[in-house]
Amino acid sequence: MYHKTLSYRLFTYFNYALLAVIAFLCVLPLIHTLAVSFSGRAPANANLVGLIPIDFTLDAYKKTLSNQNFLNSLWISVQRTVLGTAIAMIVIFLAAYPLSKDSGIFRSRTWYSWFFVVTLLISGGLVPTYIVIQKLGLMNSMWALILPGTIDVWLLVLLLNFFRSIPQALEEAALIDGAGQLRILVLIYLPLSLPAIATLSLFKMVGHWNSWFDGLIYLNTIEKYPLATFLQTILIQLDSTQLSSLGRELENISNNTVKAAQIFIGALPILMVYPFLQKYFVKGLVVGSVKE
């Protein structure tokens, strides 16, 4: 009966309307970028394009997809995101499991926990980190983009607390049946933590895909730039005619449409991943926040 009251229905409709407006405002810049990428040179240069393309054309996408530097940086970003996320989640998963145990089971747990927590409070700094990467011989390689951020302590803490929320009776039953810690980890904790792992992987993927500064300082050649660094170089530091390999062909299309096409293509892979992980995202918002 409570759900059928007029005040409750009005409150529900108001929430739906408010969330719809917020969602539209979030998508609005992407729609505008897409419209500009499909528009002709004159309306794009005159800033006449809103949410609907004017003088529809695919020239910007043809030129972008024929740019070998762009395609190469896109492939590097895909490799970095997949490899970096996989390595990070394996290491975080293996570290979170023993740290989720009590001190009676894992005696050095407190020491290791503080070892990780200190890194959240104190950073080594940009210059020392650069020197470490240089001394390790990782400069101008993809490992310079992956290894420094492998252990994300915040994600480690979230997964650690999620492991603690798993009923202890499951592990005790497995121990009685003769299972070892590795078997418990793979057959019990791994399947139960898939929603949490999917959510944390999404955070890590977005971080790798959008990261541009590390590529700028650790990589020396544009051929090894990930997409985010490549786009930052084109859109902010240099004129796109120098790196887009378009030359005189830009006379028929606008720089704005080329840039919009590159930005939209760069955002497309993450947009394609979100729908598949959306069902885990809501649950992942409270990962590790409640301990039963």
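Computed from a prediction, not measured in an experiment: that's the story for all the values here.

Let's shift gears to the packing of helix H9 (residues 168-176) against helix H10 (residues 181-192). Where H9 meets H10, the axes come as close as 10 Å, and the angle between the chain directions of the two elements is 145 degrees. Judged by the twist between their axes, the crossing of H9 over H10 is right-handed. On H10, the residues that touch Leu170, Glu171, Ala174 and Leu175 of H9 are Gln181, Ile184, Ile188, Tyr189 and Leu192.

With that settled, consider the environment of isoleucine 270. Relative to the assigned elements, isoleucine 270 resides in helix H15 (residues 255-284). Each C-alpha atom of the pair isoleucine 270 and methionine 205 lies 8.1 Å from the other, and the pair is 65 residues apart in sequence. Ignoring sequence-local partners within four residues, the contact set of isoleucine 270 consists of Met205, Val206 and Trp209.

Once that is clear, we can look at helix H11 (residues 194-210). Taking 1.5 Å per residue as the helical rise, H11 with its 17 residues ought to reach 24 Å, and the 24 Å between its terminal C-alpha atoms agrees with that figure. For H11, the tally of buried residues reaches twelve of 17 residues, placing the bulk of the element in the interior. For H11, the set of buried residues is Pro195, Ala196, Ile197, Ala198, Thr199, Leu200, Ser201, Leu202, Lys204, Met205, His208 and Trp209.

Further remarks concern the nonpolar core. In terms of nonpolar packing, the biggest core is built from 26 residues, with Leu156, Leu159, Phe163, Ile184 and Tyr189 touching the most fellow members. At the level of secondary structure, the elements contributing two or more residues to this core comprise helix H4 (68-99), helix H8 (153-165), H10 and H11. Ranked by the residues each element gives to this core, the list is headed by H8, at eight residues. Excluding anything up to four places from it in sequence, phenylalanine 163 contacts Phe93, Ala96, Tyr97, Ser100, Tyr189 and Ser193. With 17 residues, the next largest nonpolar core counts Leu74, Leu219, Tyr225 and Phe230 among its residues.

With that settled, the discussion passes to the confidence of the model for the chain. For the chain, the mean per-residue pLDDT works out to 81, and 86% of the residues sit at or above 70. Contacts of residues 239-251 to residues separated by more than four positions or lying in other chains number 27 contacts, the stretch itself having pLDDT below 50.

This next bit is on the pattern of salt bridges. Within the structure shown, the criterion is met by three salt bridges. The salt bridge involving lysine 101 is made with glutamate 171; its shortest N-O contact spans 2.6 Å. A residue pair is termed long-range when its members are at least 10 positions apart, and lysine 101 in the loop between H4 and helix H5 (109-121) and glutamate 171 in helix H9 qualify at 70 residues. Residue lysine 101 shares its accessibility class with glutamate 171, and that shared class is buried.

Along the chain, the position of alanine 144 falls in helix H7 (residues 143-146). Each C-alpha atom, one on alanine 144 and one on tyrosine 130, is 9.5 Å from the other, the two residues being 14 residues apart in sequence. Contact partners of alanine 144, with chain neighbours within four places excluded, come to Ile133, Leu138 and Tyr218.

Rules behind the numbers
Each chain carries its own residue numbering, running from 1 in the written order of its sequence. It should be noted that, the model being predicted, local features are given only for residues of pLDDT at least 70 and side-chain atom pairs only at 80 or more, the latter also being counted only at that level, while totals for whole chains, interfaces and linings use all residues. Where side-chain values are given, they derive from all heavy atoms of the structure, hydrogens and water being excluded. A fitted line through C-alpha atoms represents every axis, and for helices the fit uses only the stretch in contact; the resulting angles, taken between N-to-C directions, go from 0 to 180 degrees. Comment: elements are numbered from the N terminus, with helices defined as DSSP H or I runs of at least four residues and strands as E runs of at least two. If you view the pair so one helix is near and one far, a crossing is left-handed when the near helix is turned anticlockwise from the far one by less than a right angle, and right-handed when it is turned clockwise. Two residues qualify as a contact provided that any one of their heavy atoms is within 4.5 Å of a heavy atom in the partner residue. Residue count minus one, scaled by 1.5 Å, sets the expected span of a helix. The buried label applies to any residue whose accessible area, calculated with a 1.4 Å probe on protein chains only, is under 20% of its type's maximum; exposed applies above 50%, and partly exposed to all values in between. Among buried residues, those of type Ala, Val, Leu, Ile, Met, Phe, Trp, Tyr and Cys that are joined through side-chain atoms within 4.5 Å constitute a nonpolar core. A score from 0 to 100, pLDDT tells how confident the predictor is in each residue. By convention in these notes, a salt bridge is any Lys or Arg side-chain nitrogen within 4 Å of a carboxyl oxygen on Asp or Glu.

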